[in-house]
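# Commentary on secondary and tertiary structure
Listed below are the residues making up each chain.
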Amino acid sequence: MADPIKKVAVIGASGNLGKEIVQELLKAGFEVTAFAREDSQSKFPPNVTVKRVDYQSVDSLTSALKGLDAVVSAIATVAIGSQTPLVDAAISAKVRRFIPSEFGINTRIAGGTAIGNILQGKVKTLDYIIGKSQENPWFTWTGISSGIFFDWGLQFGSVGFDKRTKTATIYDSGDEPVQASNLPFLGRVVAAVLSQPEKTANQYLSVASFNPSQNQILKIVEAKTGEKWKVEHASTAEQEKIGLEKLSKGDYSAFSNLLRHRIYADGAKRAVEGEDNAIGLLGLQEEDLAATVEKWLDE
Ligand SMILES: NC(=O)c1ccc[n+]([C@@H]2O[C@H](COP(=O)([O-])OP(=O)(O)OC[C@H]3O[C@@H](n4cnc5c(N)ncnc54)[C@H](OP(=O)(O)O)[C@@H]3O)[C@@H](O)[C@H]2O)c1
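Residues numbered from 1 in each chain as written. Predicted model: local features only at pLDDT ≥ 70, side-chain atom pairs only at ≥ 80, totals over all residues. Heavy atoms only, no water.

## A closer look at helix α5 (residues 120-135)
Spelled out, the test is: Each helix is a run of DSSP H or I of at least 4 residues and each strand a run of E of at least 2, with the numbering of both proceeding from the N terminus. The span expected for a helix works out to 1.5 Å for each residue beyond the first. Only protein chains enter the area calculation, which uses a 1.4 Å probe; residues under 20% of their type maximum are buried, those over 50% are exposed, and those in between are partly exposed. This arc is taken over the directions from the axis of the helix to the C-beta atoms. We call two residues in contact whenever any of their non-hydrogen atoms come within 4.5 Å of each other.
Taking 1.5 Å of rise per residue, 16 residues should cover 22 Å, and α5 covers 23 Å from first to last C-alpha, within 8% of that figure. Among the residues of α5, K122, V123, T125, L126, I129, I130 and S133 are the ones counted as buried. Projected down its long axis, α5 shows its buried positions confined to an angular sector of 165°, all on one face. α5 presents K124, Q134 and E135 as exposed residues on the side facing more than 90 degrees away from its buried surface. Where the residues of α5 are buried, they touch α3 (83-92), β5 (97-99), β6 (140-145) and β11 (203-206).

So this is what it looks like as structure tokens:
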């Protein structure tokens with residue numbers, strides 16, 4: 001039996017996802033070291049060790065990682081490429097597990113698509129990690145696909161529901177189930193992965209708090225508010241067209257349009273249900289969709 005993982009570095013620990021991962025790791029009893037850029041103004045909880053690092057310097061990263069068991073990266077999308085020196089440093093420092101900043105669509109099956117091309121930084125990083133793990137079998141990895149950030153997406157409008165104007169944007173029929181995860185749930189997923197290092201070594205896991213369709217969400221918001229919401233219908237084919245046009249001009253805001261097509265199109269089949277949802281392997285439960293939506297409405 002391998003030694004348990006106890007000491008964990010969280011990269012991007014001040015971010016939307018990073019701060020939830022820190023909280024859930026602390027609750028699960030891990031010792032957490034938060035990494036931040038040298039010029040970062042980020043604040044961290046008192047029971048966390050903070051290291052300001054230069055993400056370009058393998059030497060600086062190696063000394064910061066010495067004595068730690070695992071790296072969890074929740075670094076910002078724009079900084080995905082800076083994980084390669086981190087991987088090299090993790091190996092030099094003998095860190096045993098690396099969880100890269102994936103946390104979205106399953107990048108292992110998006111190859112050859114326009115959205116897959118936008119996510120090349122994530123794909124290349126994980127390919128690099130897998131190569132290093134094959135050379136150094138003690139160095140292991142876990143990839144985590146989460147689908148959409150659901151609680152965050154409700155708050156920031158990316159799930160298509162606006163509680164201020166009581167408007168829903170429904171793509172195609174609105175009946176397609178979609179892989180979706182709440183941020184604290186993802187923190188618990190990371191804790192469960194690190195608590196079971198043998199079971200989760202060298203695996204790409206897809207998880208979901210639940211797999212709601214947009215019409216299910218609409219039903220919940222209307223029941224809770226006691227009002228009919230204004231529904232604006234949109235087509236995912238149109239979203240794809242807009243996304244491809246933007247991409248041809250080098251405009252990477254195409255991602256949101258292409259994502260809507262990828263996940264909401266009728267028959268897209270991006271839900272992660274039954275045995276495909278790794279919560280079973282991790283010993284976690286699905287979450288309550290209505291409770292999540294109602295909490296957002298109450299806030
Ligand atoms: N599935 C979804 O719906 C969804 C939505 C959003 C994001 N994501 C994914 O989730 C992961 C984390 O995203 P997030 O939104 O939580 O990240 P975020 O909040 O945008 O950023 C996380 C942290 O990264 C650090 N950072 C920012 N810019 C950086 C730079 N240029 N170089 C180095 N560090 C930088 C910052 O920490 P310091 O200032 O402390 O250094 C920041 O707090 C990413 O892989 C992203 O693609 C998924």
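Still more ground to cover, so stick around.
## Regarding the packing of aromatic side chains
Pairs of aromatic rings are described using the distance from one ring centre to the other and the angle between the two planes. Applied cut-off: What counts as a ring pair is set by centres within 6.5 Å for rings of Phe, Tyr and Trp (its six-membered ring), and what kind of pair is set by the plane angle: stacked under 30 degrees, edge-to-face over 60, tilted for all other angles.
Taken as a whole and assessed by the stated rule, the structure comprises 7 aromatic pairs. Relative to F139, the ring of F98 lies with its centre 6.4 Å away and its plane at 65°, an arrangement referred to as edge-to-face. Of the two residues, F98 is situated in strand β5 and F139 in the loop between α5 and β6; the sequence distance between them amounts to 41 residues. The exposure classification of F98 matches that of F139, with both residues buried.

## Here we look at α3
With 7 of 10 residues buried, α3 lies mostly within the body of the structure. All of the buried residues in α3 are Q83, P85, L86, V87, A89, A90 and I91. Remark: K94 follows α3 within two positions and exhibits a positive phi of approximately 60°.

## Examining the site of the ligand
As a reminder, the rule being used: Here, proximity means that at least one heavy atom of the residue falls within 4 Å of the molecule or strand. Polar contacts, as counted here, are pairs of nitrogen or oxygen atoms within 3.5 Å of one another; within protein the pair requires one atom able to donate a hydrogen and one able to accept it, and residues that are adjacent in sequence qualify only if both atoms are side-chain atoms.
Every one of the 27 residues lining the ligand counts as a neighbour, but S14, N16, S42, T77 and S101 are closest to it. At a separation of 2.7 Å, an oxygen atom of the ligand approaches a polar side-chain atom of S42. Every element with two or more residues in the shell around the ligand is listed here: β2 (31-37) and β7 (148-149).

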